[in-house]
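Descriptive structure summary
Spelled out from the first residue to the last, the chains are:
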Amino acid sequence: MSTVQRIKTISEFHRLRGLPKPEHPLISVVNYSAIQRTPEMSSVSWVLNFYQISIKRGVAAKLKYGQQAYDFDEGVMFFIAPGQVFRIEADPTLSSQRSGWMLLIHPDFLWNTQLARTIKQYEYFDYSVAEALFLSDKEETTINTIIETMRQEYHANMDKFSQGIIISQLETLLGYAERFYHRQFITRKISNHAILGRLEDILSDYFRQDELAKNGLPSVHYLAEALTVSPKYLSSLLKVLTGQTAQQHIHEKLIERAKEQLSTTNLSVGEIAYALGFEHQQSFSKLFKAKTQLTPLAFRQSFTEN
């Protein structure tokens, strides 16, 4: 069983990976070819106190993140936020020419900037490794150019303008990553629509087996676990494919079920609310009206009139 090691500072990370002391304590761009690996590293899970953004090629290892494992046969870009657990498992039977880079940024570097507040809006920091970003050659060139600009800036003599310039470049990088993820959701239609189809099946089974009355509405975490994706990835994917978040999608299916019950049964609104997992009829009626512009009774009446 592996132990978990928390790395508090970028300087500590450099030391553990056999790298020279970073030129700045709060930000560093590391070349993968310079990282030294020791056998004991494969038995340790890591928790960083800083952000890690990277593109890796030829690592000859698997990175485990939660319950997911990912092979670095191709170049991929992924994002890890402070406090997340991951583990690198080196394969001693493989040898390869490692390349790529790793950007390390401590939250303190963002202090007193707008990005300190807005960086949490980039949901891909909460995606699993299996949901990494696959870049085209053109996209990778764009990202690499930004990273090189940041590297040159902090390698130069840091002055009062340096932080603002680097933050601006980081915001640009994060914006491009969001655009490229949006592109990936669209271009990987077969796999993504397969997830959507499985989601519909899971929700239909959940509603059909009367799980609502026993357990209430399924949570986004429940659905994500059933689909073996991360909750944030599921919501982002649905937002692109359907225009709705995962929570909105759940509510949409609930309203469909409610309409069916209101139009085909003589159950009271209270009985329907209970069957759909609501403790209070008022909560059900409020959600129904927000989604349909009608109260449950008004919907039933309009249906019978038609």
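Residues numbered from 1 in each chain as written. Predicted model: local features only at pLDDT ≥ 70, side-chain atom pairs only at ≥ 80, totals over all residues. Heavy atoms only, no water.

1. Comments concerning unusual backbone geometry
For the record, the criterion: To sort residues, take the accessible area from a 1.4 Å probe on protein chains only and compare it with the maximum for the residue type: under 20% means buried, over 50% means exposed, and anything in between is partly exposed. Each helix is a run of H or I in the DSSP string that is no shorter than four residues. Each strand is a run of E no shorter than two, and both are numbered from the N terminus.
Unusually for a residue other than glycine, Thr228 sits at a positive phi of about 55 degrees. Thr228 gets classed as exposed once you look at its relative accessible area, which sits at 53%. Its identity is not glycine, yet Gln293 carries a phi of approximately 70 degrees, on the positive side. By the secondary structure assignment, Gln293 is in the loop between α11 (281–292) and α12 (296–305).

2. Concerning α11
Heads up, the condition is: Expected span, for any helix, means 1.5 Å times one less than how many residues it has. In this description, one arc is meant: the one made by directions from the helix axis to the C-beta atoms.
Helix length check: α11 (twelve residues) gives 16 Å between terminal C-alpha atoms against 16 Å at 1.5 Å per residue, within 8%. Along α11, the residues that are buried comprise Phe284, Ser285, Leu287, Phe288 and Thr292. Along the long axis of α11, the arc covered by the buried residues comes to 165 degrees, so they all point the same way. Looking at α11, the residues exposed on the side facing more than 90 degrees away from the buried face are Gln282, Lys286 and Ala290. Phi turns positive, to about 70 degrees, at Gln293, one or two residues after α11.

3. Examining the pattern of salt bridges
Defined as follows: By convention in these notes, a salt bridge is any Lys or Arg side-chain nitrogen within 4 Å of a carboxyl oxygen on Asp or Glu.
Applying the stated criterion across every chain yields a total of four salt bridges. Between Glu148 and Arg151 there is a salt bridge, and its shortest N-O distance comes to 3.1 Å. Note that Glu148 and Arg151 are positioned in helix α3 (residues 137–155) at a spacing of three residues, about one turn of the helix. For Glu148, a relative accessible area of 34% translates into the label partly exposed. Between Glu256 and Lys253 there is a salt bridge, with its nearest N and O atoms 3.6 Å apart. Pair noted here: Glu256 and Lys253 are both in helix α9 (residues 246–264), with a separation of three residues, about one helical turn. Overall, Glu256 belongs to the partly exposed group, its relative accessible area being 44%. For Lys253, a relative accessible area of 17% corresponds to the buried category. Because the salt bridges share partners, they merge into one network encompassing Glu200, Lys253 and Glu256.

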